[in-house]
Amino acid sequence: MGEKLDLGDRRITYQDVLDLDSREVPKHLREESRGDFDFHEASIDRYVSREWHEAEKKHLWRRVWQFACREEHIPEVGDHIVYEIAGASYVVIRSAPDTIRAYPNACLHRGRQLKQYAGRCAEIRCPFHGITWHLDGTLKRIPAPWEFEHVDPERFQLPQCEVGTWAGFVFINPDPDAGPLESYLGDLVDQFSVWFAAERYVEAHVSKVIRANWKVAQEAFMECWHAPATHPQTVPYAAFGACQVDVYDNFARFITPSEVVGPMMPWDPTTEEMLRSTMDVRMDEELPVTPAPDETARQFIVRGTREKWRGLVGEQVEQWSDADLVDNFTYTVFPNMMPWGGVHKIVYRFRPNGDDHRTSIMEVFLVAPFTGERPPPAREVVLGPDDPFASAGLGILGNVLDQDCANMEKVQFGLESAHKRTVTFASYQENNLKWMHRLMDRYVRMDGE
Ligand code: FES
Ligand SMILES: [Fe+2]
């Protein structure tokens, strides 16, 4: 049978699930951080109005830490990528073996974009008139120096953004007065320390244009009590409605217990039914695995995952709790990065699609541990708005994402024609959304306010 706990009339919580664990669970999983919210509504202007988008451009994207690329995208000196956000563009470049810098992608002469593509270079040379900078941003050469005697070469350096790294992710903050990334991330680093103990690489990278504001797209992943309606095939094996929802300063998380029966599951499934659902095996096909007699679905999945990860991270996997190996830890790093903890490989990123507030770009990175030599990062698969994720080689995840995507543009259309001018959030399961909007309020001030 499924792992159904006898709790009387009380609904199951994640803390009840942790009580089942065969190991000591990480302290941070035992600690709840519910936050304190005195509102349940947000204005739909945030998703539909051009003014909000303009205010985000000015007050959010130019002032906030944001995930730009992975370190492995720029492994050698001179390697660079072009990172674009809401109509702004930045060059992120490895300027020395241990130094990554980021510059606004604009020439100091007459503003031409310095780089249009990712690549490798020995210097940063503007294609228009050829003024050239060293990789560290200092001026190297002006083709007609007598024309620029009024320019102080010392001060004609490329302006720098702040740069920080965490777990192989490169972050930039265009605000030169931003504090360090480390204090921005706070306890996140500690919470991921076991999960990301082994180095990872980009196993897959898929981007897709979504016909909805970037927050509509992202918020589709910031709670999961939509699963019984949107992903009914997942309900037998994930305890939706029993998630633990925690908010911190600049990050938030919700934890969905896996392989236990949740309060939104209308009957008590057998171990076999749970495993069929987990592995997407139809009733008329043979289940390709055999759990031990009396083994619960949770015990069975934990056993298999522990063995699989032993090969990747070695004997330290013995310290990992069952929870680390089976549950879903969905984090949001404000504003737009969603790394999953545990043995999951998923990292989402959401951005406005160029300068358009009614469409967005959703990216899926799978970051996986590896053995032996670091494999090269996967090339980005670019999907248009009508291309399904299922076509991009993401396995079962692709099908689930397509179910989520089917809601997004319908949400946008709904919001555009709504008479009620607010969205109304659930009291607990949507606390991550409330946290997001409260932080947005701290950054985004409408002009005139
Ligand atoms: S615009 Fe860059 S050198 Fe002229
Ligand atoms: Fe979903």
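Residues numbered from 1 in each chain as written. Chains lettered and ligands numbered in written order. Predicted model: local features only at pLDDT ≥ 70, side-chain atom pairs only at ≥ 80, totals over all residues.

A. Spatial organisation of the overall build of the protein. The helix and strand tally for the protein stands at 13 helices and 20 strands. Taking 2.2 N^0.38 as the reference for a compact globule, 449 residues should give roughly 22 Å; the C-alpha atoms of the protein span a radius of gyration of 24 Å, in line with that estimate. By principal-axis analysis of the C-alpha atoms, the protein measures approximately 85 × 60 × 40 Å. Looking at the 449 residues of the protein, the share that counts as buried comes to 39%. In the protein, the share of contacts with a sequence separation of at least 24, taken over all contacts with a separation of at least 6, comes to 64%. (Helix = DSSP H or I, 4+ residues; strand = E, 2+ residues; numbered from the N terminus. Rg over C-alpha atoms; globule rule 2.2 N^0.38 Å. Buried ≥ 20, exposed ≤ 12 C-beta atoms within 10 Å, placed from the backbone. Contact = placed C-beta atoms within 7 Å.)

B. Looking closely at the pairing of strand β3 (residues 79–85). The element β3 is largely enclosed, with a buried count of five among its seven residues. One ladder, built from two bridges, connects β3 with strand β6 (residues 119–120); its direction is antiparallel. The residue bridging H80 from the neighbouring strand is G119, located in β6. Examined bridge by bridge, β3 and strand β4 (residues 88–96) share six bridges and lie antiparallel to one another. Bridging across to β4, Y83 finds its partner in Y90. In sequence, β3 turns back onto β4 through a hairpin of two residues, with A86 there showing a positive phi of about 50°. (Pairing = 2+ DSSP bridges.)

C. Representation of the nonpolar core. Formed by 114 residues in total, the largest nonpolar core has its most connected members in A68, V92, A102, I172 and A217. Of the residues forming this core, the biggest block, six residues, is contributed by strand β18 (residues 356–369). Lining this core are residues from two domains, each supplying at least three of them: domain 1 (14–44 + 198–443) and domain 2 (66–177). In this structure I172 touches Q66, A68, Y83, Y90, V92, A102, C161, E162 and V163, once residues within four positions along its chain are discounted. (Core = buried A, V, L, I, M, F, W, Y, C linked by C-beta atoms within 7 Å. Domains from an automatic or database assignment.)

D. Quick look at the domain arrangement of the protein. In terms of domains, the protein is made up of domain 1 (14–44 + 198–443) and domain 2 (66–177). Distance from the C-alpha centre of domain 1 to the C-alpha centre of domain 2: 35 Å. At the junction of the two partners, domain 1 supplies 13 residues and domain 2 supplies nine residues. Contributing elements (two or more residues each) for the side of domain 1 that touches domain 2: β12 (200–210) and β17 (346–353).

E. Geometry of the sheet that holds strand β11 (residues 169–173). Across the sheet, three strands lie side by side as β2-β11-β10; this open sheet has antiparallel pairing. Sheet topology places β2 (66–70) and β10 (162–166) at the edges, where each strand pairs with a single neighbour. Each strand axis lies, on average, 35° off the axis of its neighbour in the sheet, ignoring direction. As paired strands, β2 and β11 are joined by four bridges and run antiparallel to one another. Considered in β11, the bridge of Q66 is made with I172. (Axes fitted to C-alpha atoms, helices over the stretch in contact; angles between N-to-C directions.)

F. Layout of the sheet that holds strand β9 (residues 139–141). Spatial ordering of the open sheet is given by β7-β8-β9, a layout of three strands whose pairing is antiparallel. Each edge of the open sheet is held by one strand with a lone partner, namely β7 (124–125) and β9. Relative to strand β8 (residues 132–133), β7 runs antiparallel, the two sharing two bridges. Each bridged residue has a counterpart across the sheet, and for R125 the counterpart in β8 is T132.

G. Geometry of unusual backbone geometry. Cis rather than trans, the peptide bond between F334 and P335 has omega equal to 5°. With respect to the secondary-structure elements, P335 resides in the loop between β15 (328–333) and β16 (337–339). Its identity as a non-glycine residue notwithstanding, A86 has a phi of 50°, on the positive side. Along the chain, A86 turns up in the loop between β3 and β4. A tally of 20 C-beta atoms within 10 Å means that A86 is categorised as buried.

H. Just the packing of helix α9 (residues 271–279) against helix α10 (residues 297–313), in detail. Running from N to C, α9 and α10 point in directions that differ by 45°, and their axes come no closer than 9 Å. As far as their axial angle goes, α10 and α9 are oblique. Residues T271, M274, L275 and T278 of α9 form the contact with α10, whose participating residues are A297, F300 and I301. Here the contact of α9 with α10 is composed, by residue class, of five nonpolar, two polar and no charged. (Parallel < 35°, antiparallel > 145°, perpendicular 65-115°, else oblique. Nonpolar A, V, L, I, M, F, W, Y, C, P; charged D, E, K, R; others polar.)

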